[in-house]
Amino acid sequence: MIRFDNIGWQAGAFALKNISFTVPDGQYGVLMGRTGGGKTSLLEIICGLRRPTTGSIWLGDRQVTDLAPGERGLGYVPQDGALFPTMTVREHLGFALRVRRRPASEIARRVEELAGPLGIAALLDRRPPGLSGGERQRVALGRALAARPQVLLLDEPLSALDDDTREPLADLLHRVQRETAVTVLHVTHQRSEAARLADVLFRLDAGQVVESHLNEHLYV
Amino acid sequence: MSRRAFDPFWLVLGIVTGTYLLFWIGLLGAAAVHSSPYDLWHALQTREIRFAIGLSLITCTLTAGLSLFLAVPVGYLLARGRFPGRAWLDAALDIPIVLPPMVVGLCLLIFFQTVVGHLIECVVPFTYTVAGVVLAQFVIGAAFAVRTMRGTFEHLSERPENVALTLGCTRTRAAWLVTLPAARRGMFAAASIAWARSLGEFGPILVFAGATRMKTEVLPTSVWLELSVGNLEAAIAVSLLMVALAIVVLASVRLMGERV
């Protein structure tokens, strides 16, 4: 479960006020809204990369508002993947376990487990400059899933991809969520993505979040 | 396909650039042909100049290392830190770049006459010593290294580091595992620039560390000492050596930069 409880955040003239909504356990939540409307800021607040001025964040039964980003038990896929420029794909997939000082054999096993289903087994020794947009997003997804997080946050993961790449990656996101039962919050401004993936849909408008439905007016 | 029309704008820019380049080539060429290769080789064989070469290489390398040690954290702070007075700190760190070099040497000399300076010299003597040569080089070389590292960190996205935080890293570990490896070419450039700047440093060294033969004599000091006794061949030989070293450093930085 991801729960925003009366979250407020301000940067200059821009403000998010009294944000309260819940993505239930094991559900695929999609948050829609205009570009520049604060969707990424909300994800960064969940991650602990921005500090809210009011309210609290709950992940499962834990209140995580004051926890460091690494203690929150989440996986984060930023918009451009934000891969580590000097690491191989293998090192990306093993990164979260390496940070947790897990044995090399466990890391190697987990890398193999992730690489196959994500379709990046042939790329394990490549580095980010040699990867396509879709491959980068698959690597970023694998890196985020490696430590088996309870919660997965996706920041417009499909927006920079062409049609041929977007469809298989959307299938992959859906499959991964169903197989791992991870609770997902996916932000996008694309109605088609929401229609395809959302179990529960929210709309961010004028600094407020409301639960929505696909047959309501949404931003295209 | 039609040919692009001739644009005098680019011609003027080309002439200005070419003139400037020719001016520099003329200067270096004049120095190079002024003396015979034998004279140059003979000058480089003298005991004093060999000492100066050795001392320059050692002190510049030490200075480059120390400058990098300072420049990485300071450059990171300037690039990523958000705190009151950041703009003032940024400007203050440029002071060694804009101060006349002699003034830097004078400031060092005066500082080590204060109580604090005397206390420091009880542990490590700086005034008129090799340590003073390194310190005089460091004061200016580090400022250039800080500029370079700040630029490097500003060009590296903060987002991978933020992702590393969400994956369990502390801020220090994220910087160590993700940002520093990505900044390694910038670190090489910063150290090289500090090294090259230190090689040419003269004013602060003359004032603070002196120009004592076989003690605090580095290559620029040799040029000055040889000129002062009228030994032009030796002064030219040392100058050409410094030019060659500077070209090697510049070429290395360019080659590394192109691989980024």
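First, a word on what this report is: a plain description of the structure on this page. (Residues numbered from 1 in each chain as written. Chains lettered and ligands numbered in written order. Predicted model: local features only at pLDDT ≥ 70, side-chain atom pairs only at ≥ 80, totals over all residues.)

**Some remarks on the overall build of chain B**
Then, in step 1: Each helix and strand in chain B was counted, giving 14 helices and zero strands.
Then, in step 2: Dimensions of chain B along its principal axes, counting C-alpha atoms only, are 75 × 65 × 30 Å.
Then, in step 3: Here chain B holds 260 residues, and the buried ones make up 37% of them. (Helix = DSSP H or I, 4+ residues; strand = E, 2+ residues; numbered from the N terminus. Buried ≥ 20, exposed ≤ 12 C-beta atoms within 10 Å, placed from the backbone.)

**Topic: helix H3 (residues 47–80) of chain B**
Then, in step 1: With 34 residues, H3 of chain B should cover 50 Å at 1.5 Å per step; its first-to-last C-alpha distance of 49 Å lies within 8% of that length.
Then, in step 2: Of all the bends in H3 of chain B, the greatest, near 30°, is centred on Ala 71 of chain B, and the proline Pro 73 of chain B appears no more than four residues after it. (Expected span 1.5 Å × (residues − 1). Bend = angle between axes of the 7 residues up to and from the residue.)

**What about the interface of chain B and chain A?**
Then, in step 1: Each partner contributes to the interface: chain B provides 14 residues, whereas chain A provides 17 residues.
Then, in step 2: Mapped onto the side of chain B that touches chain A, the elements with two or more residues apiece are helix H9 (159–166) and helix H10 (171–182) of chain B.
Then, in step 3: Taken together, the residues of the side of chain B that touches chain A sort by class into eight nonpolar, four polar and two charged. (Contact = placed C-beta atoms within 7 Å. Nonpolar A, V, L, I, M, F, W, Y, C, P; charged D, E, K, R; others polar.)

**Brief notes about the sheet that holds strand E9 (residues 200–205) of chain A**
All names here are of chain A.
Then, in step 1: Across the sheet, six strands lie side by side as E6-E7-E8-E3-E9-E10; this open sheet has mixed pairing. Every interior strand has two partners, whereas the edge strands, strand E6 (74–77) and strand E10 (208–212), have only one. Neighbour to neighbour, the strand axes of the sheet diverge by 20° on average, direction disregarded.
Then, in step 2: The pairing of E9 with E10 spans five bridges and is antiparallel. Within the sheet, the bridge partner assigned to Leu 204 lies in E10 and is Val 209.
Then, in step 3: Across the sheet, helix H1 (residues 39–47) is in contact with strand E3 (28–33), E6, strand E7 (151–155), strand E8 (183–188) and E9; its angle to E7 comes to roughly 150°. (Pairing = 2+ DSSP bridges. Axes fitted to C-alpha atoms, helices over the stretch in contact; angles between N-to-C directions.)

**Some thoughts on the environment of Leu 70 of chain B**
All names here are of chain B.
Then, in step 1: Tracing the chain through its elements places Leu 70 in helix H3.
Then, in step 2: On the basis of neighbour count, Leu 70 is assigned to the partly exposed category, with 18 C-beta atoms found within 10 Å.
Then, in step 3: Separated by 75 residues in the primary sequence, Leu 70 and Ala 145 have C-alpha atoms spaced 8.4 Å apart.
Then, in step 4: Leu 70 has contacts with Ala 142 and Val 146, leaving out every residue within four places of it along the chain.

**A short note on unusual backbone geometry**
Residue and element names in this part refer to chain A.
Then, in step 1: Here the phi dihedral of Ala 82 falls at roughly 45°; this positive angle occurs in a residue that is not glycine.
Then, in step 2: Along the chain, Ala 82 turns up in the loop between E6 and helix H2 (89–99).
Then, in step 3: Residue Ala 82 is classed as buried on the basis of its 23 C-beta neighbours within 10 Å.
Then, in step 4: One non-glycine residue, Arg 148, adopts positive backbone phi at about 50°.
Then, in step 5: If you trace the backbone, Arg 148 turns up in the loop between helix H4 (133–145) and E7.
Then, in step 6: Exposure remark for Arg 148: the 12 C-beta atoms within 10 Å place this residue in the exposed category.

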